[in-house]
Amino acid sequence: SNAGTLLEISNLTVSFGAVRALKGVTLSVGHGEVVALLGSNGAGKTTTLRTVSGLTRPSSGAVTFEGTSILGLTPEKIVKLGISQSPEGRRLFGGLSVADNLRLGASTRSDAHQVAADLDNMFTLFPIIKQRMSQLAGTLSGGEQQQVALARALMASPRLLLLDEPSLGVAPLLVRHIFEALRELKRRGMTMLLVEQNTALALDLADRAYVLRNGQVVLTDEASDLRVGDRVAQAYLGAS
Ligand code: ATP
């Protein structure tokens, strides 16, 4: 692997009973890079992220972070190493306050001083959060919950942020706001692997992209080269 690679996934296969969700997926994410993972429903995008996070066990293949295998490590250990996921459907603790949800995001850390500074940072990135700190997370709108989920993932102080459908269930105005925040994170050098159904939004933010179909990578290229023409749409549909 080259020195610029942060995450490397090689030949990953994952099965759920008779369902082969991933059939030999290989992809990499470089330091400071934003990589989009595209594909239709059931293509294997969420499974890929969950395997990196240690939530799903693959049947074969390799996952390395900074050159070290992370396969078989617990999700908590993987967070401690610097990989944090903002999950699909947000999965906040609805009965807990926004403040408590953010605190839980930082629970693997011991640098209290820096945690407080990072919380201030979240208020800058997502101003709505500051006003809602004492509100129960379950009572927030979809877009507000998505922002809290992103902030919670960031409170782990990751070096790799895994994003599963940040636009899902979010009103268009807030989607724009969320992607502006992601763009700001990118400017600050955050490395991201982004699963997103909205191809245009994803390619606008990403440096590179992979298209999955039926558990396999069917197309990969620079985002700028994928923005023109219909190669991505054709790859989704199986015409490539
Ligand atoms: P979506 O956008 O719909 O989430 P996806 O590309 O993220 O799609 P995955 O969620 O990774 O796709 O699912 C890939 C395949 O694996 C699908 O056929 C799905 O039904 C199956 N699958 C995923 N998780 C499980 C599970 N826990 N048990 C059984 N099958 C599963």
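Residues numbered from 1 in each chain as written. Predicted model: local features only at pLDDT ≥ 70, side-chain atom pairs only at ≥ 80, totals over all residues. Heavy atoms only, no water.

- Quoted verbatim from the Sequence similarities (unreviewed entry) field of the UniProt record, the comment on the protein reads "Belongs to the ABC transporter superfamily." (UniProt positions renumbered as here; feature names shortened; annotations may be inferred.)

1. Some details on empty space enclosed by the protein
Here's step 1: Taken as a whole and judged by the stated rule, the model has one cavity of 30 Å³ or more.
Here's step 2: If you add up the space inside the largest cavity, you get close to 40 Å³.
Here's step 3: Contributing to the lining of the largest cavity are Thr51, Val52, Gly54, Thr56, Arg57, Pro58, Ile70, Leu71, Gly72, Leu73 and Ile78.
Here's step 4: In the lining of the largest cavity, the residues fall into six nonpolar, four polar and one charged. (1 Å grid on protein atoms, 1.4 Å probe; cavity = no way out; pocket = protein on both sides within 12 Å on 5 of 7 lines; lining within 4 Å. Points joined across faces, edges and corners; volume = space filled by probe spheres on them. Nonpolar A, V, L, I, M, F, W, Y, C, P; charged D, E, K, R; others polar.)

2. Considerations on the site of the ligand
Here's step 1: Close contacts around the ligand come from 14 residues, with Gly42, Gly44, Lys45, Thr46 and Thr47 the closest.
Here's step 2: Gly42 has a polar backbone atom sitting 2.7 Å from an oxygen atom of the ligand.
Here's step 3: Take Ala43: an N or O atom from its main chain is 3.1 Å from an oxygen atom of the ligand.
Here's step 4: Surface burial for the ligand is 61%, taken as the share of its 630 Å² of free accessible area covered by protein chains.
Here's step 5: Elements represented by at least two residues in the shell around the ligand include exactly strand S2 (19-30) and helix H1 (45-52).
Here's step 6: It is H1 that contributes the most residues to the shell around the ligand, three residues altogether.
Here's step 7: The residue inventory of the shell around the ligand, partitioned by class, reads four nonpolar, seven polar and three charged. (Near = heavy atom within 4 Å. Polar contact = N/O pair within 3.5 Å; in protein donor to acceptor, adjacent residues only side chain to side chain. Areas by Shrake-Rupley, 256 points an atom, 1.4 Å probe, with all protein chains shown as cover. Helix = DSSP H or I, 4+ residues; strand = E, 2+ residues; numbered from the N terminus.)

3. Observations concerning the sheet that holds strand S1 (residues 5-16)
Here's step 1: The four strands lie next to each other as S2-S1-S4-S5, forming an open sheet whose pairing is antiparallel. Across the chains shown, the open sheet's two edge strands, defined by having one partner strand only, are S2 and strand S5 (68-69).
Here's step 2: Both strand S4 (residues 60-65) and S5 contribute to a ladder of two bridges, which runs antiparallel. By the bridge assignment, Thr64 is partnered in S5 with Ser69.
Here's step 3: Against the sheet, H1 touches S1, S2 and S4, its axis set at about 115 degrees to S1. (Pairing = 2+ DSSP bridges. Contact = heavy atoms within 4.5 Å. Axes fitted to C-alpha atoms, helices over the stretch in contact; angles between N-to-C directions.)

4. Section: unusual backbone geometry
Here's step 1: Notably, Glu66 is not glycine yet its phi reads approximately 50 degrees, a positive angle.
Here's step 2: By the element assignment, Glu66 lies in the loop between S4 and S5.
Here's step 3: With a phi angle near 50 degrees, Asn214 is a residue other than glycine that sits in the positive phi range.
Here's step 4: Locating Asn214 in the fold gives a position in the loop between strand S9 (208-213) and strand S10 (216-222).

5. Some points on the environment of Arg159
Here's step 1: Mapped onto the elements of the fold, Arg159 is located in the loop between helix H6 (142-154) and strand S7 (160-164).
Here's step 2: The contacts of Arg159, once residues within four sequence positions are left out, are Leu6, Phe65, Glu66, Leu81, Gly82, Met190 and Thr191.
Here's step 3: At a separation of 2.4 Å, a polar atom in the side chain of Arg159 contacts the main-chain carbonyl oxygen of Leu81.

6. Some points on the packing of helix H3 (residues 98-105) against H6
Here's step 1: Here H3 crosses H6 at 30 degrees, and the two axes come no closer than 7 Å. The handedness of the crossing between H3 and H6 is right-handed. The residues of H6 that touch H3, namely those facing Val98, Asn101, Leu102 and Gly105, are Val148, Ala151 and Arg152.
Here's step 2: For the contact of H3 with H6, the class distribution of residues is four nonpolar, two polar and one charged. (Left-handed = near helix turned anticlockwise from the far one by under 90°.)

7. Points about the confidence of the model for the protein
Here's step 1: Per-residue pLDDT for the protein averages 93, and the proportion of residues at 70 or more is 98%.
Here's step 2: The ipTM assigned to the predicted complex is 0.91, against a pTM of 0.93. (pLDDT = per-residue confidence, 0-100.)

8. Observations concerning the layout of surface pockets
Picture a little ball the size of a water molecule; that probe, rolled over the atoms, points out where space is still empty.
Here's step 1: Approximately 520 Å³ is the volume attributed to the largest pocket.
Here's step 2: Lining the largest pocket we find 21 residues, and of these Val79, Ser84, Gln85, Pro87 and Arg152 sit closest to its centre.
Here's step 3: Sorting the residues of the lining of the largest pocket by element identifies helix H2 (75-81), strand S6 (83-86), H3 and H6 as the ones contributing at least two each.
Here's step 4: For the lining of the largest pocket, the class distribution of residues is eleven nonpolar, seven polar and three charged.
Here's step 5: Forming the boundary of the second largest pocket are 13 residues, of which Leu154, Ser157, Pro158, Leu185 and Met190 lie nearest the centre.
Here's step 6: By residue class, the composition of the lining of the second largest pocket is six nonpolar, four polar and three charged.

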